[in-house]
Amino acid sequence: MADEEVGTALELGDQGAHPPDSSPLALEHYLPFAILASILSRLDPRSLCSAAATCRSLRGAACHALSFVPSFNLLEIAPTADLLEPLLPPNPYLKSLKLDCSRLDDSSIRFLIRPSLQDLCLHNCENLSGRLLAEIGGKCRDLRSLSLSSLAERRGLSFVFADLEELLTGCSQLETLTLALDFSSFDHPNFGQVWANASVVLSCLEIGYIPMTMLMELLSATVKSLHPSSPVKKPSMFPSLQMLCLSVDYITDHLVGFISKGFPLLSSLDLQDAPIMEPILTSDLTNAGLQQINSHGKLKHISLLRSQEFMFTYFRRVNDVGFLLMSDGCSTLESICLGGFCRVTDTGFRAIIHSCANLRKFRVSHGSQLTDLVFHDISATSLLLTHVSLRWCNLLSNLGVVGLSDNKQLTVLDLRDCRNLGDEAVKALSYLPKLQVLLLDGSDTTDKGLSYLGNGSCPLFSLSLRGCRRITSNGISSLFGGGSVNQSLQVLDLSRLPNLTDEAILALAKSRIQIVELRIRGCPNIGDVSVMALASMQIEGSSPGSSLCVLDVYECGLITPLAFRWFKRPYFPSLRWLGMSGSLNRDMVDALLRTRPFLRLACRGEELGMTFLDNASRWYSNEEEEMDELEKWLLEGEDEMEDDSN
Amino acid sequence: MGKTIKLISGDGEMFEVEEAVAFQSNIIKSLADEDNADDCIPLPRVDSQILSKVLEFCRKHANSPSVHTKFAAIPSELCPKHDGSAAGASSSESSSAHSETCRACYDAVMKLVQWDLEFVKVDLDLIHHLLKAANYLDIEDLMFMAVEGAANAIRGNNPEEIRKLFDLENDFTPEEEKEILKEYSWLDDPFEP
C-alpha cells in the first residue's frame with residue numbers, strides 16, 4: 001500500500017487535534033470506508049439490518065454491503081418476498097444462500113437464483129414448483145452444493161423429470177446434492193441414464209424417497225457403466241460418490257450388493273425403509289446381504305434402519321451370524337446406526353463393538369435383545385465413543401449405563417424409551433466431563449437423579465426428561481442448584497410430567513440460565529403463572545426479556561386465554577416458535593399472529609423448532625464436523641479459483 | 001538470533017524486534033529494504049501502547065503460516081509435524097508444498113486463530129486502534145482479525161446496543177424512522193429502531 005494512500009486513509013479521522021485515546025468512537029468518521037465495508041461484509045443478514053437501523057451513515061454502508069456480502073443465511077424466519085427482495089440486490093460475490101422459503105413462490109425465483117451461487121440451501125419449498133430445479137440448472141453453473149426440501153408440496157404444484165434433467169446437466173460442478181423429495185414424480189424411461197450426464201465430482205447424494213424400480217434402474221446402469229460391455233468406452237457413472245443416503249421401499253440383499261458394487265469409493269451409506277407389508281424372502285435383508293457391506297473396505301459410516309412407521313416389522317432374517325460376518329469386514333467403521341435388528345443379541349452387538357477400533361458413534365434402536373453385557377468390559381477396549389444412542393432398548397439397565405459411562409469422551413447420549421433406566425444411571429453420567437446432550441425420555445429418573453445432574457460436572461447443553469413421570473418440581477429446582485448445568489443449558493424438554501407445577505418454571509426463571517428452547521407440552525399442572533415467569537425472565541448482562549426462541553406449552557392444563565397477553569410486545573422478543581392449544585381462543589390466536597407475523601405458531605400439537613430432529617438418519621445434535629462460519633471462511637480462502645482436483 | 005529491527009513509536013519509545021516479527025508489516029518491510037544506515041524506523045502515527053500490542057500479535061504470527069494461505073501452499077518447514085527442515089536459505093525443494101490434508105497444519109492454524117480471536121476480544125477502543133494500526137502498517141493477518149473482532153462486537157446486538165457500543169447518534173428523520181420500522185420489524189418483537 002503506497003504511503004500516500006496510507007496518509008489519506010488516516011486523514012479521515014485526523015481533523016485538527018486528534019488525541020489518541022479520546023472518545024467518542026463514531027465508527028463511520030474514524031474508519032476508512034474500505035475497512036467498514038470489510039467489517040459489514042462479515043455480518044449475517046440480521047446483524048447487518050440491525051446495524052442499518054442505527055444511524056444514517058451506517059444504513060447507507062450496510063445497504064451498500066448487501067451488494068458484496070459473500071453469504072446470506074437467514075433461517076430463523078420465513079421472509080416474504082417483499083421483505084427479502086431489497087435484501088438481495090444484484091451481487092456478483094454472493095456465493096452462499098440459505099433460506100426458509102415457506103412464504104415464497106415461483107415469482108421469487110428471479111432474485112433468488114443467480115449465477116454466482118456455489119452453495120444453495122432452501123428449506124420448506126412447498127410453494128415453489130419444479131421450475132426451481134430447471135432454473136437452478138440453467139443459471140447456477142458453478143453450484144457446488146444444493147439442498148432442497150419439501151418442493152412443490154402445495155396442491156396444484158408439481159415437478160417432473162425434465163426439471164431434474166435440467167438440474168443435473170446444468171450443474172456440472174455439483175459436489176453435494178440433497179433432494180428431500182419423493183422421487184416417484186421423476187419416473188421416466190431415461191431416469192437411469194440421466195445420471196450419466198450429472199456432475200462427475202458428485203460426492204454426496206441424498207434422496208428423500210425413491211421407489212424400488214427406479215432405484216434398480218439407476219443402480220444397474222451404474223454397475224454396467226463400471227464394466228462396459230460395448231467397445232466404446234463410456235465414462236462410469238458416479239465416479240466420485242462417497243456419501244449416499246436413501247429412503248427405499250425395502251432394504252434387500254440385492255440392493256446392498258448393487259450399492260457395494262456400484263460405488264467403489266463409498267465411505268458413508270444411509271439406508272432406511274418403512275415397509276407397508278411384511279417383506280418376503282427375496283426382498284429382504286438377510287445375513288448374506290450384510291456380508292456384502294464394505295466390500296471395498298472404505299466404509300466409515302453405515303446406517304441401516306427399518307422404520308415401524310406403517311407396521312410393526314423388523315429385520316427378521318438377520319441374526320447374530322449376520323453381525324459376526326459383517327464385523328469381519330468392517331474394521332474401518334467410525335459410525336454405525338442399526339435400527340430394527342430385533343433378533344440380534346449381545347453376541348452380535350459385541351462383535352461389532354470389539355472389531356471396530358475407530359468407532360465413535362454407535363446407535364441402536366429397537367434393540368430388543370440388547371442387554372448390559374454389551375458394555376460391561378468396554379473400558380478394556382480402546383474405544384472412544386462420543387455419540388451413543390440406544391432407543392427402545394428395554395433390557396438395558398443402570399448397570400449397562402454405568403459401564404457405558406467409562407467412555408469419558410461421551411458428548412451425546414440418547415437413551416429415550418429405555419424404561420428400566422433410573423437414578424443410578426444418571427449418577428454415573430453426571431461425572432462425564434464432555435456430556436452435552438442427554439435424552440432420558442420415558443425413563444425411571446426421579447428427583448434424586450436430577451440432583452446428581454445439578455451437582456455434576458456435565459456441561460449439558462440439551463436435556464430431555466419427557467415423560468419421566470416421577471419427576472416433581474423439587475427435582476427441577478435441584479437441577480438448577482448452581483452446578484455447571486446453569487452455565488451451559490439452552491435446550492430443555494419437560495413435556496408430559498404430571499407432577500410438574502409452576503414452581504419448577506419459577507425456579508427456572510430465577511436461575512437466570514440462558515434458555516433458548518423450552519418444551520413443557522402436556523403438563524396438566526402448568527398454568528399462566530409459568531408463562532408470566534418466563535416472560536419476565538432477565539438474563540445477566542443483556543437487555544431485559546427472555547432469551548427463548550422456542551416455547552411449547554401445547555395442552556398445558558392450567559393455561560387460560562389470559563396467557564396470550566404475555567406473548568404480545570414487549571415480551572419474548574426472540575420468540576420464533578410457539579406451541580399453544582389453539583382451541584383456547586381463536587380470536588386471540590389471530591390477533592397474536594397479526595402483531596407478530598414472523599412467529600411460527602403451532603396450534604395442533606406439531607413439534608416445534610428445527611433442532612427437534614427425529615429423522616431417523618440424523619443425529620440429534622450438531623455434528624462435530626460442522627465448522628463455524630469463521631473456520632469455513634478460512635478454509636475456503638479468498639480465491640475465486642479453488643483447485644478441486646484431488 | 002536473527003537480524004533485528006529498531007522501531008520508534010509516535011511517543012518516542014523504542015522497540016527492538018526480530019526481522020521475522022517486524023516484517024509481518026509490509027510497510028516496515030519496504031522501509032527497511034531501503035538503504036537505511038542506522039536501521040531505525042520511525043512510526044509517528046502509532047503510539048507505544050498500540051505498537052506493543054501489535055508486536056505481540058506479530059510475534060505470535062512470526063513463524064506460522066498466514067491464516068490466508070491455503071494449507072496446500074504451506075511450506076513444509078512451517079508444518080509442526082515436519083520438523084527441522086528449515087536449514088539455511090529456503091531452496092525450492094525444501095519449500096515445496098506438502099499435503100493439503102495435513103492435520104498438523106490444520107490444527108496449528110486453528111489454534112492460532114483461537115489465540116487471535118481471544119486477542120481481539122477487547123474493548124472497541126482498542127480494536128479501533130488496532131484497525132488503524134493494521135491499516136497503516138499493512139499487516140494482513142492483524143487487519144483480518146481486527147475486522148473479525150469489530151464484526152463480533154456488532155453481531156447479535158439490536159440497534160440500540162450497537163449505538164451504545166460505537167457511540168453513534170440516531171440521526172433519522174421521523175419519516176425515515178417510519179421506514180426503518182417497516183423494513184426491519186422482523187428483527188425483533190417489538191422492534192424499536
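Residues numbered from 1 in each chain as written. Chains lettered and ligands numbered in written order. Predicted model: local features only at pLDDT ≥ 70, side-chain atom pairs only at ≥ 80, totals over all residues. Heavy atoms only, no water.

### Some remarks on the overall build of chain A
Scanning chain A for helices and strands turns up 24 helices and 20 strands. The buried share among the 646 residues of chain A stands at 55%. Here the contacts in chain A between residues at least 6 apart in sequence split such that 74% fall between residues at least 24 apart. Only carbon and sulfur atoms are counted for the fraction: they give 53% of the accessible area of chain A, which is about 26,800 Å². (Helix = DSSP H or I, 4+ residues; strand = E, 2+ residues; numbered from the N terminus. Buried < 20%, exposed > 50% of the residue type's maximum accessible area, 1.4 Å probe, protein only. Contact = heavy atoms within 4.5 Å. Areas by Shrake-Rupley, 256 points an atom, 1.4 Å probe, with all protein chains shown as cover.)

### Section: the overall build of chain B
Assigned secondary structure in chain B consists of eight helices and three strands. Counting from the amino terminus, helix and strand elements in chain B follow one another as β-β-α-α-β-α-α-α-α-α-α. Out of the 193 residues belonging to chain B, those deemed buried represent 46%. Restricting to contacts in chain B with at least 6 residues of sequence separation, those with at least 24 account for 57%.

### A look at the UniProt feature "domain: F-box" (unreviewed entry) in chain A
Mapped onto the present numbering, the UniProt feature "domain: F-box" (unreviewed entry) falls at residues 31–71 of chain A. For residues 31–71 of chain A, the end-to-end C-alpha separation is 24 Å, with 66% helix and 2% strand making up the annotated structure. (UniProt positions renumbered as here; feature names shortened; annotations may be inferred.)

### So, a nonpolar patch on the surface
Residue and element names in this part refer to chain A. A cluster of nonpolar side chains, namely Ile-276, Met-277 and Phe-310, defines an oily patch on the protein surface of about 370 Å² accessible area. Tracing the backbone shows Met-277 in the loop between strand S8 (268–273) and helix H13 (287–291). The class for Met-277 is exposed, based on a relative accessible area of 53%. (Patch = residues over 30% accessible without salt bridge, like charges linked within 9 Å, V, L, I, M, F, W, Y side chains within 5 Å. Salt bridge = Lys/Arg side-chain N within 4 Å of Asp/Glu carboxyl O.)

### Describing the pairing of strand S9 (residues 301–306) of chain A
Residues and elements named next belong to chain A. Among the six residues in S9, six count as buried, and that is most of the element. Because side chains alternate across S9, one face comprises the buried residues His-301, Ser-303 and Leu-305, and the other comprises Ile-302, Leu-304 and Arg-306, equally buried. Across six bridges, the pairing between S8 and S9 is parallel. Residue pairing for S9: Asp-273 is matched across the bridge by Arg-306. As defined by bridge partners, S9 adjoins strand S10 (residues 335–339) across five bridges and the pair is classed as parallel. Directly across from His-301, in S10, lies its bridge partner Ser-335. (Pairing = 2+ DSSP bridges.)

### Examining the sheet that holds strand S2 (residues 14–18) of chain B
Residue and element names in this part refer to chain B. One open sheet holds the three strands; their spatial order is S2-S1-S3, and the pairing between them is mixed. In the strand order of this sheet, the two ends are held by S2 and strand S3 (40–42), each with one partner. Pairs of neighbouring strands in the sheet enclose a mean axial angle of 30°, with direction left out of account. The sheet contact formed by strand S1 (residues 4–8) and S2 spans five bridges and is antiparallel. Counted as the bridge partner of Lys-6 is Glu-16 from S2. Of the strands in this sheet, S1 and S2 are in contact with helix H3 (residues 48–61), which crosses S2 at around 10°. (Axes fitted to C-alpha atoms, helices over the stretch in contact; angles between N-to-C directions.)

### A short note on helix H18 (residues 447–455) of chain A
Taken as a whole, H18(A) has its buried residues at Asp447(A), Gly449(A), Leu450(A), Tyr452(A), Leu453(A) and Gly454(A). Contact partners of the buried residues in H18(A): helix H17 (423–429), strand S14 (437–439), strand S15 (462–464), helix H19 (473–479) and helix H20 (485–488) of chain A.

### What about the packing of helix H4 (residues 45–52) of chain A against helix H5 (residues 56–65) of chain A?
Residue and element names in this part refer to chain A. Closest axis-to-axis distance for the H4/H5 pair is 7 Å, and the angle between their directions is 150°. Relative to H5, the element H4 is oriented roughly antiparallel. Residues Leu-48, Ala-51 and Ala-52 of H4 lie in contact with H5, whose contacting residues are Leu-58, Arg-59, Ala-62 and Ala-65. (Parallel < 35°, antiparallel > 145°, perpendicular 65-115°, else oblique.)

### Examining the environment of Asp320(A)
All names here are of chain A. You can see Asp-320 is positioned in helix H14 (residues 320–328). Classification of Asp-320 by relative accessible area gives buried; the value is 16%. As a C-alpha pair, Asp-320 and Leu-66 span 254 residues in sequence and 59 Å in three-dimensional space. In terms of polar contacts, Asp-320 uses its side chain to reach the backbone amide nitrogen of Gly-348, at 3.3 Å. (Polar contact = N/O pair within 3.5 Å; in protein donor to acceptor, adjacent residues only side chain to side chain.)

### A word on the confidence of the model for chain B
This prediction gives chain B a mean pLDDT of 76; 74% of its residues lie at or above 70. Prediction confidence for the complex, expressed as pTM and ipTM, is 0.83 and 0.80 respectively. (pLDDT = per-residue confidence, 0-100.)

### Description of the packing of aromatic side chains
For any two aromatic rings, the description comes down to two numbers: the centre-to-centre distance and the angle of the planes. Considering all chains together, one arrives at 15 aromatic pairs over all chains under this definition. Between Phe183(A) and Phe191(A) the ring centres are 6.3 Å apart and the planes differ by 85°, which places this aromatic pair in the edge-to-face class. The exposure class of Phe191(A) is buried, given its relative accessible area of 0%. Judged by centre distance (5.6 Å) and plane angle (75°), the rings of Phe238(A) and Phe263(A) are edge-to-face. A residue pair is termed long-range when its members are at least 10 positions apart, and Phe238(A) in the loop between helix H11 (212–226) and strand S7 (243–248) and Phe263(A) in the loop between helix H12 (253–262) and S8 qualify at 25 residues. Given the relative accessible area of 4%, Phe263(A) is considered buried. Clustering of aromatic rings is evident, with ring pairs tying together Phe159(A), Phe183(A), Phe186(A), Phe191(A), Trp195(A), Phe238(A) and Phe263(A). Above the ring of Phe144(B), the side-chain terminus of Arg42(A) is found at 4.4 Å from the ring centroid. Residue placement shows Arg316(A) over the ring face of Tyr314(A); its charged tip is 4.5 Å from the ring centre. (Phe/Tyr/Trp six-rings, centres within 6.5 Å; stacked < 30°, edge-to-face > 60°. Lys NZ or Arg CZ within 6 Å of the ring centre and 35° of its normal.)

### Quick word on the packing of helix H6 (residues 140–154) of chain B against helix H7 (residues 159–166) of chain B
Helices that pack against each other are described as a pair by the angle of their axes relative to one another and the distance between those axes. Residue and element names in this part refer to chain B. It is the contact of H6 with H7, at a shortest axis distance of 9 Å, that shows an interaxial angle of 135°. The orientation of H6 with respect to H7, classified from their angle, is oblique. Where H6 abuts H7, its residues Ala-150, Ala-153 and Ile-154 lie against Ile-162, Leu-165 and Phe-166.

### Examining the state of the cysteines
All names here are of chain A. A complete count under the given rule lists zero disulfides over all chains for this structure. Left unpaired, Cys-458 is separated from the closest cysteine sulfur, that of Cys-468, by 16 Å. With a relative accessible area of 1%, Cys-458 lands in the buried category. With no disulfide of its own, Cys-603 lies 14 Å from the sulfur of Cys-556, the closest cysteine sulfur. Given a relative accessible area of 16%, Cys-603 falls into the buried group. (Disulfide = S-S within 2.5 Å.)

### What about the nonpolar core?
In this structure, Trp195(A) and Leu390(A) are the most contacted members of the largest nonpolar core, which totals 239 residues. The biggest single contributor to this core is H6(B), with 10 residues. (Core = buried A, V, L, I, M, F, W, Y, C linked by side-chain atoms within 4.5 Å.)

### Structural notes on unusual backbone geometry
Residues and elements named next belong to chain A. With phi around 55°, Ser-150 is a residue other than glycine that occupies positive phi space. With respect to the helices and strands, the residue Ser-150 is situated in the loop between strand S4 (145–149) and helix H9 (161–170). Non-glycine residue Arg-512 carries a positive phi angle of around 60°. Secondary-structure assignment places Arg-512 in the loop between helix H21 (502–511) and strand S17 (517–519).

### Things to note about the confidence of the model for chain A
Residues and elements named next belong to chain A. Averaged over all residues, the pLDDT of chain A equals 85, while 87% of them reach at least 70. Looking over chain A, one finds the lowest element-wise mean pLDDT in helix H1 (residues 3–11), namely 37, and the highest in helix H8 (residues 131–139), namely 96. Within the model, pLDDT remains below 50 along residues 1–25, and this stretch shows 32 contacts once partners closer than five positions in the same chain are excluded. Here residues 637–646 scores under 50 on pLDDT; set against residues more than four positions off or in separate chains, the count is 11 contacts.

### Remarks on the environment of Leu506(A)
Residue and element names in this part refer to chain A. In this fold, Leu-506 is placed in helix H21. A sequence separation of 209 residues divides Leu-506 from Gly-297, and the C-alpha atoms of the two residues are 55 Å apart. The residues touching Leu-506, leaving out its near neighbours within four places in the chain, are Val-529 and Ala-533.

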